[in-house]
Amino acid sequence: MDLEARSFPPNIKGTLLAKLREYKTDLNNLKNETKRITSVNVNQAARDELLDSGMADAMTVSADQRGRLIMSTERLNQSTDRIKESKRTMLETEELGVSILQDLHQQRQALLQAHSALRGVDDNISRSKKILTAMSRRMNRNKYIIGSIIAALILAILVILYFKHFH
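Here the structure is a predicted model, which means the values were calculated and not measured.

Trainee: Would you mind showing me how to read the overall build of the protein chain here?
Mentor: Helix and strand counts for the protein chain stand at three helices and zero strands. Here the protein chain holds 167 residues, and 5% of them are scored as buried. Of the roughly 14,600 Å² that the protein chain leaves accessible, carbon and sulfur atoms contribute 63%.

Here it is, written out as structure tokens:
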């Protein structure tokens, strides 16, 4: 009982330890009185009366201790149930966390694949832009060449007409 009383919170422990000390002193007093009575050899009736009253007190104390023991056992069972419930909740939380991490890993893989595909598309767009720029330059160059040829032909026609009409 001493060990059990020491395991309680400080506010309850003090009162329980005080009662325990009181019970111990009562028990020691009763033992001493029993020894004294047995050593003195008082008449049998007085002796029986003392033993009966001591047994009644011991039974009361024993019943009180048994009641406290039952209460302590109930508290211990409740604490065990709470611990089991907490452990179950912890395991569920751990499973949920693992599931979330797996989902995040899959999403990361999908993002990495999309990123690499986007990089490939970006490279293709850059090549297409270079090709279109080159084509635009060639087209402009061809326009200038054709325009120059047309201008040269018009100039040649004008020169030919000039020489034909004036010479």
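And the narrative resumes.
Trainee: Sorry, what's going on with the confidence of the model for the protein chain here?
Mentor: Detailed reading of the predicted coordinates is not advisable wherever pLDDT is low. In this model, the protein chain carries an average pLDDT of 84, and 83% of its residues clear a pLDDT of 70 or more. Averaged pLDDT values over the elements of the protein chain bottom out at 64 in helix H1 (residues 2–6) and peak at 88 in helix H3 (residues 44–166).

Trainee: Would you explain the pattern of salt bridges in this entry?
Mentor: Should their charged atoms come close, side chains of opposite charge can pair. Across all of its chains, the model carries three salt bridges by this definition. For arginine 88, the salt bridge identified is with glutamate 85, shortest N-O distance 2.3 Å. Placement of both arginine 88 and glutamate 85 in helix H3 is noted, with a separation of three residues, approximately one turn of the helix. In this structure glutamate 85 comes out as partly exposed when scored by relative accessible area, which is 39%. In this structure, arginine 88 engages glutamate 92 in a salt bridge whose closest nitrogen and oxygen atoms are separated by 2.4 Å. One end of the pair, arginine 88, and the other, glutamate 92, are both in helix H3, four residues apart, so they sit about a helical turn from each other. The exposure class of glutamate 92 is partly exposed, given its relative accessible area of 43%. Members of the salt-bridge network, linked through shared partners, are Glu85, Arg88 and Glu92.

Trainee: Just checking my understanding: could you explain a nonpolar patch on the surface for this structure?
Mentor: Taken together, the side chains of Ile146, Ile150, Ile154, Ile157, Leu158 and Leu161 define a hydrophobic patch exposed on the protein surface, amounting to about 560 Å² of accessible area. For isoleucine 150, the location among the structural elements is in helix H3. Look at isoleucine 150 and you get partly exposed, because its relative accessible area is 45%.

Calculation rules
- Residues numbered from 1 in each chain as written.
- Predicted model: local features only at pLDDT ≥ 70, side-chain atom pairs only at ≥ 80, totals over all residues.
- Heavy atoms only, no water.
- Helix = DSSP H or I, 4+ residues; strand = E, 2+ residues; numbered from the N terminus.
- Buried < 20%, exposed > 50% of the residue type's maximum accessible area, 1.4 Å probe, protein only.
- Areas by Shrake-Rupley, 256 points an atom, 1.4 Å probe, with all protein chains shown as cover.
- pLDDT = per-residue confidence, 0-100.
- Salt bridge = Lys/Arg side-chain N within 4 Å of Asp/Glu carboxyl O.
- Patch = residues over 30% accessible without salt bridge, like charges linked within 9 Å, V, L, I, M, F, W, Y side chains within 5 Å.

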